[in-house]
Amino acid sequence: MKHKMSQDTAATIDTINSVDDLAKQANYSFMDTLNRDPDAKENGIDYAPRQVFSGHYVTVKPTPIENPEYVTHSSMLFADLGFADSMAQAPDFINIFSGDLSNVPAPMSKLGWACGYALSIFGTEYIQQCPFKTGNGYGDGRAMAVFEAVINGQRLEMQLKGGGRTPYCRGADGRAVLRSSVREFLAQEHMHALGVPTSRSLSLYVSKTETVMRPWYSEGSRSQDPDRMITEAVAISTRVASSFIRVGQLELFGRRARKQEHPHAMAELEQLVFHLISREYPDVIDSQLSISDKVLLLAREFRNRLTSLVANWIRVGYCQGNFNSDNCAAGGFTLDYGPFGFCDVFDPQFQPWTGGGQHFAFFNQGAAAERNFLMFCTALSPLIATKADELNQLQQLVNGFSTEMQTKMEQMWAAKLGLDTFHKALFNELETLMIQTPVDYTLFFRELSALPVDINPLKKSFYQDLEHAPQGLEQRWTAWLALWHSLLDCSVHLDTDVSTDKRADANTLVKPHPSRTREQISQQMKLVNPKYSLREWLLVPAYTQASEGNYALVRELQAVMTHPYEEQSTQVDNQFYRLKASEFFDIGGLSHLSCSS
Ligand SMILES: Nc1ncnc2c1ncn2[C@@H]1O[C@H](COP(=O)(O)OP(=O)(O)OP(=O)(O)O)[C@@H](O)[C@H]1O
Ligand SMILES: [Mg+2]
């Protein structure tokens, strides 16, 4: 199989069948164009917490997990990259992606690299999480990139999560456990299949012998926080993205430039920003532009991507329960599937992660994104500090965030309802009904996508019988459905709150067309409203069985959740398209979680 080549590569490649083939694609632009910490150790054995004062990365030798065993890999990503599927179980491939780089063929690097980053929580700068209280010891504590290549025309980084300690480990073990690795692996590929920009999953290996202790819940515990320590197997999942640059990373360099912490601080910020542009925004930002124009275009495009991303998260019921700036990818895609959850019972305040706070709850994600965008612009501002007009334009972009977010949210809700324009009164009543009933978010919108003429089919998504619900709820549902049907019939004549030009560059949603048949409306809605979503109570049995060495359910969930819009078998429906069982409510690990590592 031949692949389209990038301009970066010299020769046409065939399918990548082996690690030797993979090595030929090595191309380390991050390490080659950015600065290494001058204090980095040549041998990469750099595991004690220490301050990293300058440079964009530290070279580190990953610590392999003992006796790695294959759990799963993403056949979809393998296919996208032209990787032979069999490679995932080849010993030399397993070695690399379970942390052993000692025998990699040249020109692959025998060292990985970890990056420092800063942290802002909901728009407030923090350094307390750094053990030195300076911010110089915070960053990739257990994530490290191990490979960069141009494959099939795409430049990609591959990053181990759980590959051992780095100078940023803050005294922790640098490991990820099987439970959290299964969650991240499955969620990443699910998100991709949902059509939401994300880092991808490559592979997942678990150690047959190495374990660590983690706080977790006793079975059936209703405690908010874990009530015991458990022993868990360590694992390494590898994620793949065009870059892993976070808003927090720009902030680290922005803060240093602002405070003139060292003579190269401004130059290092500029290098990182240019690198981000070349990695994530090459098509929208011409390299010949002035630095001010680049900064402003970057901010505009990041705002565009971030608002689309959050609208998509809400569309699919995803909550990033810890949407700090260090969990916000500067390329505008989803990153860090630890404190996440997919909403089951609809609740605008849904927050799966007990450490996250309500500011990161389901419907507050637009506001959280706005704070991350503010910190992004703050980090860029030293580069245009002497230019009042440009600074003002940057401020205008910050000021305009909420309007753009609102526009995209309205467009998203319209698409979920099969309408071409947002109808405020219809939506407000629906939100109230969904809360009061309450409904299952995924089931409700999927059932609605069949355009039911009465509310009976929708009852499949209701968490209680309407006779037990507040008086008049059934009539209100019926009235709501009638109004919705009438709008579907004549949506082309609706007044709109959203001007057409504002909607032009919005996200990937399917745009309804006025002259659609009902069948077409239904089809379009089914491409917007997934049938299957990766709720926590589906993940729990999968990682529990995996911890006993049985990976069947992990692989089955992967198969189902990578086709979330498709109608699947009755057996799949019975297992995965249903309400959350009443006994799972309020249970630690099933309804909420604290430790995500
Ligand atoms: N076991 C661990 N050992 C070392 N560092 C850790 C460990 N767990 C978390 N960290 C670090 O603590 C910080 C906050 O953790 P958080 O859970 O947000 O990130 P993460 O899930 O490890 O990583 P990422 O954001 O890369 O997906 C991160 O900088 C992370 O690297
Ligand atoms: Mg994180």
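Quick caveat: nothing in here was measured; it's all calculated off a predicted structure. (Residues numbered from 1 in each chain as written. Chains lettered and ligands numbered in written order. Predicted model: local features only at pLDDT ≥ 70, side-chain atom pairs only at ≥ 80, totals over all residues.)

**Things to note about the site of ligand 1**
Note the cut-off: Put plainly, near means the residue's C-beta atom, positioned from the backbone, lies within 6 Å of the molecule or strand in question. The domain limits used here are those given by an automatic or database domain assignment.
Around ligand 1 there are 16 residues in total, and Gly-141, Cys-169, Ala-172, Asp-336 and Gly-338 lie nearest to it. Here the shell around ligand 1 gathers at least three residues from each of two domains, domain 1 (19-246) and domain 2 (256-409).

**A closer look at the domain arrangement of the chain**
Which entries qualify depends on this criterion: Only runs of H or I of at least four residues qualify as helices and only runs of E of at least two qualify as strands under DSSP, and these elements are numbered from the N terminus. In this classification, Asp, Glu, Lys and Arg are treated as charged, Ala, Val, Leu, Ile, Met, Phe, Trp, Tyr, Cys and Pro as nonpolar, and every other residue, Gly included, as polar.
Under the domain assignment, the chain is made up of domain 1 (19-246), domain 2 (256-409) and domain 3 (410-528). Per element, the largest residue contribution to the side of domain 1 that touches domain 2 is six residues, and it comes from helix α5 (residues 178-193). In terms of residue class, the side of domain 1 that touches domain 2 is built from 13 nonpolar, 13 polar and five charged.

**With respect to helix α12 (residues 424-436)**
What counts, and what does not: Given a helix with a known number of residues, its expected span is that number minus one, times 1.5 Å. Residues are called buried when their C-beta atom has 20 or more other C-beta atoms within 10 Å, exposed when it has 12 or fewer, and partly exposed otherwise; all C-beta atoms are positioned from the backbone. Picture the helix axis, draw a direction to every C-beta atom, and the arc is the one those directions span. What counts as a contact is two residues whose backbone-derived C-beta atoms lie within 7 Å of each other.
The terminal C-alpha atoms of α12, which comprises 13 residues, lie 18 Å apart, in line with the 18 Å expected from a rise of 1.5 Å per residue. Along α12, the residues that are buried comprise Leu-430, Leu-433 and Met-434. All buried residues of α12 project into a common sector of 100 degrees when viewed along the axis, lining one side. Exposed and facing more than 90 degrees away from the buried side of α12 are Lys-424, Ala-425 and Asn-428. Buried-residue contacts for α12 involve α13 (441-448) and α14 (473-490).

**So, the UniProt feature "binding site: Mg(2+)" (unreviewed entry) in the chain**
Heads up, the rule is: UniProt positions are given in the numbering used here, feature names are shortened, and annotations may be inferred rather than shown by experiment.
Taking the UniProt record as the reference, the feature "binding site: Mg(2+)" (unreviewed entry) is found at Asn-327 and Asp-336. Residue position: Asn-327 is located in the loop between β11 (318-320) and β12 (340-342). Judged by C-beta crowding, with 23 C-beta atoms within 10 Å, Asn-327 ranks as buried. In contact with Asn-327, other than residues within four places in its own chain, are Gln-320, Asn-322, Leu-335 and Asp-336. In this structure, Asp-336 sits in the loop between β11 and β12.

**Here's the deal with the UniProt feature "active site" (unreviewed entry) in the chain**
In the numbering used here, UniProt assigns the feature "active site" (unreviewed entry) to Asp-326. Its location among the elements puts Asp-326 in the loop between β11 and β12. Of the residues examined, Asp-326 has 25 C-beta atoms within 10 Å and is grouped as buried. Those residues within four positions of Asp-326 in sequence are excluded, and the remaining contacts are Tyr-117, Leu-119, Arg-246 and Gly-248.

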